[in-house]
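Fold and contact review
Single-letter residue listing:
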Amino acid sequence: MAAVFCLIASGARAQGNIGELRLTVTDPSGSGVKSTVELVSEANQYRYTFTTDEHGNLDVQRLPYGIYQLQIQAPAFAPLTESVEIRSALPLDRSIGLKVAAVSESVKVSAPGTLIDPYRAGSVNEMGLKTIQTRLTALPGRSMQDLVNSEPGWLYEGNAVLHPRGSEYQTQFVVDGIPLTDNRSPSFGPELEASDVQSLEIYTAGIPAEFGRKMGGVVEVNTLQNENPGFHGDVTAFGGTFDTAGISTQDEYTWKGNTLGLSASGNMTSHYLNPVVPENYTNTGTTGSASLSYERDLTPKDRLTLIVSHELARYEIPNELVQQNGAWVPNAVNTVGCPPVPASQEPSDCVYVPGGQLQNGGNFETMGSVSYQHILSPNTIVSLRGMARDNNNDFYSNPLSWPIYVTQHNDFKEIYFNGSLAVHHGRQEWKTGIESDNIFLHENFSDSIPDCSGPLGASAPRCPINLGLFDPGTATTFAFAASRPDLEQAAYVQDLVRLGNWTVNAGVRWDHYQLLVNQNAVSPRLAVSRYFPRAGLNVHFAFDRVFQTPSFENILLSSSTAVLDFDPISLRQNVLPSHGDYYEAGVTRPFFGKARVDVNYFRRDVNNYADDDAILNTAISFPIAFQKAILYGAEGKIELLRWGRFSGFASYSYIVGNCWLPVVGGLLLGSESGVAVGPNGTLINTQLTGHLPDSQDQRNTVRVRFRYQVIPRLWLAAGTDFNSGLPFEPDESPQLYATEYGEDVISHLDFTRSRIDPYLTENASVGVDLYQRENRSVRLQADVQNLSNSLELIDFGGLFSGNAIGPSRSVMVRLTTSF
């Protein structure tokens, strides 16, 4: 939520390709002039208007590398337009002199030369402030995920879990230099609130060596707030369908090199997670956050930032039909289903589930950070960052929970440190650094299966083991508690160099991981591009050697032999880190000075491929690893920056993914992974070979959204999403599935192809600027999503994967006041 961003939003420069411009505007005599400065880079979706101070000074921070065009205007002076190139983490000092205007002159920045960055070494998806401000209003808990999911190559699974190019739980958000490597989806961790964000840089290949550990995709988040003197901020309120309402504020007061920031938010909805049936049972959620920050420029070369925050989320777990209403369900020998008769009757080969399940979850996080930067020389800068946080994740079940009663009380405490040194020398931008992340894990999990003893009837939930939902011999009660530190260290060096029309970003990274195993890895990275000026074409290639640590949520239990006490038909092995090679080749080209086209082909070869195993639809997951995986595909995006009154984008993604057996880790895998009891009572794995589709093997994905500016203060937008459907692996009969989820859900499953049927959703928006004067504005936006009210079956995974259904037709209204 808002607190997370304000927590790590600091004056220290973020990781990645981020720079700073220090501008001085003077008159012909050399005296400073208070001026208006517009800075534009279409490639970075960057367009801001600034005002210098009385002495003509302006400091613009966190500028993504690229070419910018700036226009300077001041009363009585001729307007001036110049290009400026940001290629270093060190501040770029630029002094510009204005000339006295002989007659009235004006100029408008069109910036066609900034449509692409000809010297970018790899492909990066940029998202600027205007796109973020006019985004579709998201349900609480997923506004940031919705933004990222709109980019090609990214897919949702249940509960807004992001999957970059097929990778499971391998997304990291780097918020102003602090990496967050845990799962930030609604059922796992605190929200990253989009209303706090100024820009995003999204990597899926050509990833600089400074990033590591979670390498499916890297999302750099910039929360730049221009520190204008005085009090300024934003207040946003929204509400709509599903009893959804929320309010947030981000405020700052700046004086004489000091900035004091305050952030707070609160949200509520009855559609927090993705329901498992269209009825959307038991799905309320509330979130809240608060943070306080203080930043001070100690000297022109030194900046210090201190921030603390607290955040929470409480939510219900959506029920199936049987869990909500109760019903007779088939036992293990019943293949035809059970009639809908009262509980007092007892159909043959059926057992009764009374309904009334209620399961709750909660996330709580307290965090603090300190950042310091020092400019050692005009060519050298050092940055130090530290962060500590305490995160708790709880889960509760009432006595009517079926077919399993689960409780969980997990927490981790994290201490993180990062130090980096950047040196600009001629054509080169060197950067080297170290990082240390110490995570102290505490897991406490227990479950029980309703008792099968006693006479048949409606007096108790009946015998899930006899229904075939669990392996024979599964214990009716199980408890696990363990603690262990996850110790990770890394060091890297990288060099960004420009050689004529060639650009090379080369680096190497060393990682050390110590949790269940002790491993070291060296990962070279290389991104190369060649710009052809006559064609306006940028051709690029990237190779990334990656070392990915497994998800630490429930990893101690997933790798423990204690699981054998619960399910004896299981093989227990440690979930190991992933090692892989990523390849990408692509082209970028502008058209007519108005549009940009990006096309990429990629391939990923990964050993110990990370995935997850969810227990029923509880949103509790356990890390697993396949022997290997191969994923490949292509992506294309056409982005219309501005063509008359139109702007927008259209993207297409194609992916094929396969995972090779065997698989290790998880909970209750047992016979699911091909484990059986041998002749002498020993366990054997009957599926040591073979492969199956990756859970994110969706062949075709289309995203489209265009906007039309009716008048300067009024705009309309419309879009559509097409998904060809994820694979699923049925482990129950269609009749039993229909009892649990309803015929409408089952009708969207193709059991012949083991695929979810394709689905299409549409959206429309209208926005109006109610008030606009200087730095004060009031904006109103209304959004309608899933216009055709179609059933959006996102995922259907079977017993141990969980299901997910998208929202039905919804209307949201958002009001933002800036001052």
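Residues numbered from 1 in each chain as written. Predicted model: local features only at pLDDT ≥ 70, side-chain atom pairs only at ≥ 80, totals over all residues. Heavy atoms only, no water.

1. Thoughts on the overall build of the protein chain
The helix and strand tally for the protein chain stands at seven helices and 45 strands. When the 819 residues of the protein chain are sorted by exposure, 60% land in the buried category. Summarising the internal contacts of the protein chain: among those between residues at least 6 apart in sequence, 70% fall at separations of at least 24. Summed over all atoms, the accessible surface of the protein chain reaches about 30,200 Å², with 59% contributed by carbon and sulfur. (Helix = DSSP H or I, 4+ residues; strand = E, 2+ residues; numbered from the N terminus. Buried < 20%, exposed > 50% of the residue type's maximum accessible area, 1.4 Å probe, protein only. Contact = heavy atoms within 4.5 Å. Areas by Shrake-Rupley, 256 points an atom, 1.4 Å probe, with all protein chains shown as cover.)

2. Some thoughts on the sheet that holds strand β13 (residues 199-203)
Reading across from one edge, β8-β13-β14-β11-β12 is the order of the five strands in this open sheet, with mixed pairing throughout. For this open sheet the edge positions go to β8 (125-127) and β12 (178-180), each flanked by a neighbour on one side alone. Averaged over all pairs of adjacent strands, the angle between their axes in this sheet comes to 20°, without regard to strand direction. (Pairing = 2+ DSSP bridges. Axes fitted to C-alpha atoms, helices over the stretch in contact; angles between N-to-C directions.)

3. Things to note about the pattern of salt bridges
Tallying each qualifying case throughout the model produces 34 salt bridges. The salt bridge partner of Glu126 is Arg120, with a shortest N-O separation of 3.0 Å. For Glu126, a relative accessible area of 6% corresponds to the buried category. As a salt-bridge pair, Arg755 and Asp697 come within 2.4 Å of each other at their nearest N and O atoms. Residue Arg755 is found in strand β40 (residues 755-756), and its partner Asp697 is found in the loop between β36 (691-693) and β37 (700-711); the two are separated by 58 residues along the sequence. You can call Arg755 buried: its relative accessible area is 8%. Because the salt bridges share partners, they merge into one network encompassing Asp182, Arg184, Glu365, Arg389 and Glu414. (Salt bridge = Lys/Arg side-chain N within 4 Å of Asp/Glu carboxyl O.)

4. Thoughts on the side chain of Arg814
Note that Arg814 resides in strand β45 (residues 810-818). Of the polar contacts made by the side chain of Arg814, one reaches the backbone oxygen of Arg135; its length is 3.3 Å. Dropping the residues within four chain positions of it, Arg814 is found in contact with Gln133, Thr134, Arg135, Leu136, Thr137, Thr236, Ala237, Phe238, Arg779, Leu780, Gln781 and Asp783. (Polar contact = N/O pair within 3.5 Å; in protein donor to acceptor, adjacent residues only side chain to side chain.)

5. Re empty space enclosed by the protein
Counted under the stated rule, the structure contains 16 cavities of 30 Å³ or more. Estimated volume of the largest cavity: approximately 270 Å³. Contributing elements (two or more residues each) for the lining of the largest cavity: β23 (380-397), β24 (405-425) and β25 (428-448). Quantified by volume, the second largest cavity comes out at close to 230 Å³. Surrounding the second largest cavity, 17 residues form its lining, Arg120, Val124, Thr588, Arg596 and Asp598 being those nearest its centre. Counting residues per element, the ones that place at least two in the lining of the second largest cavity are β8, β29 (537-548), β31 (595-614) and β32 (621-643). By residue number, the principal contributor to the lining of the second largest cavity is β31, which donates three residues. (1 Å grid on protein atoms, 1.4 Å probe; cavity = no way out; pocket = protein on both sides within 12 Å on 5 of 7 lines; lining within 4 Å. Points joined across faces, edges and corners; volume = space filled by probe spheres on them.)

6. Describing the sheet that holds strand β4 (residues 57-64)
Strand order in this open sheet of three strands is β4-β1-β7, and the pairing throughout is mixed. Strands at the two margins of the open sheet, each flanked by one partner only, are β4 and β7 (91-97). When strand polarity is set aside, the average angle formed by the axes of neighbouring strands in this sheet is 20°. As paired elements, strand β1 (residues 18-26) and β7 share seven bridges and run parallel to each other. Within β7, the position partnered with Arg22 by the bridge is Asp93.

7. Digging into unusual backbone geometry
Here Trp402 and Pro403 are connected by a cis peptide whose omega angle stands at 5°. The omega torsion of the bond from Leu661 to Pro662 falls at 5°, within 30 degrees of zero and hence cis. The residue Pro662 is located in strand β33 (residues 646-665) in this model. Residues other than glycine seldom take positive phi values, yet Asn608 does so here, at roughly 55°. Note that Asn608 resides in strand β31.

8. Concerning helix α6 (residues 734-741)
Working note: α-helix, 3.6 residues per turn, so residues spaced by three or four point in the same direction. Judged by how many residues are buried, α6 sits mostly within the fold: six of eight residues are covered. Taken as a whole, α6 has its buried residues at Leu736, Tyr737, Ala738, Thr739, Glu740 and Tyr741. Looking at the buried side of α6, the elements it contacts are α4 (321-325), β20 (327-330), α7 (743-746), β43 (793-796) and β44 (803-805).

9. Things to note about the environment of Arg184
Relative to the elements of secondary structure, Arg184 occurs in the loop between β12 and β13. On the basis of relative accessibility, which here comes to 3%, the residue Arg184 falls in the buried class. Residues Arg184 and Gln172, spaced 12 residues apart in sequence, show a C-alpha to C-alpha distance of 8.7 Å. Among the polar contacts made by the side chain of Arg184, one reaches the side chain of Asp182 at a distance of 2.9 Å.

10. Let's talk about the nonpolar core
Core analysis: the largest hydrophobic core is formed by 32 residues, its most contacted members being Leu441, Ile555, Leu557 and Ile615. Secondary structure elements with two or more residues in this core: β19 (302-316), β24, β25, β26 (477-499) and α5 (555-558). Ile555 has contacts with Leu441, Glu443, Tyr513, Leu515, Leu516, Pro550, Val575 and Pro623, leaving out every residue within four places of it along the chain. Of all hydrophobic cores here, the second largest spans 30 residues; its members include Val37, Phe77, Ile96 and Leu98. (Core = buried A, V, L, I, M, F, W, Y, C linked by side-chain atoms within 4.5 Å.)

11. What to know about the side chain of Glu792
Inspection of the secondary structure puts Glu792 in the loop between β42 (776-785) and β43. One buried charged residue, Glu792, remains without a salt bridge, the closest side chain of opposite sign being Arg703 at 7.6 Å. With sequence-adjacent residues up to four places away left out, Glu792 is seen in contact with Tyr759, Thr761, Ala804, Ile805, Gly806 and Pro807. (Lys, Arg positive; Asp, Glu negative; His and termini not counted.)

12. Quick word on the confidence of the model for the protein chain
Across the protein chain, the average pLDDT comes to 85, with 88% of residues at 70 or higher. Long-range and interchain partners of residues 1-14, a stretch whose pLDDT sits below 50, account for 89 contacts in this model, where long-range means more than four residues apart. Low pLDDT, under 50, characterises residues 452-462; the predicted model gives this stretch 25 contacts beyond four residues in sequence or across chains. (pLDDT = per-residue confidence, 0-100.)

13. What about the pairing of strand β14 (residues 217-222)?
As a general feature of sheets, a regular strand has side chains that alternate between the two faces. Burial within β14 is extensive, with six of its six residues counted as buried. Of the two faces of β14, the one holding Gly217, Val219 and Val221 and the one holding Val218, Glu220 and Asn222 are both buried throughout. As paired elements, strand β11 (residues 171-175) and β14 share five bridges and run parallel to each other. Looking at β14, one finds that Phe173 is bridged to Val219. Alignment of β13 against β14, held across five bridges, turns out to be antiparallel. The partner of Leu200 across the bridge, within β14, is Val221.

14. Quick look at the pairing of strand β38 (residues 714-723)
Both β37 and β38 contribute to a ladder of 10 bridges, which runs antiparallel. Following the sheet pairing, Gln709 is matched in β38 by Trp715. Linking two consecutive strands that pair antiparallel, namely β37 and β38, is a turn of two residues. By the bridge criterion, 10 bridges tie β38 to strand β41 (residues 759-773) in an arrangement that is antiparallel. Bridge pairing in β41 links Asn723 to Tyr759.

15. Remarks on the environment of Pro300
Its location among the elements puts Pro300 in the loop between β18 (285-299) and β19. Accessibility expressed as a relative area gives 71% for Pro300, which makes it exposed. With 74 residues separating them along the chain, Pro300 and His374 place their C-alpha atoms 9.1 Å apart. Once you skip the residues sitting within four places of it in the chain, Pro300 turns out to touch Arg22 and Ile375.

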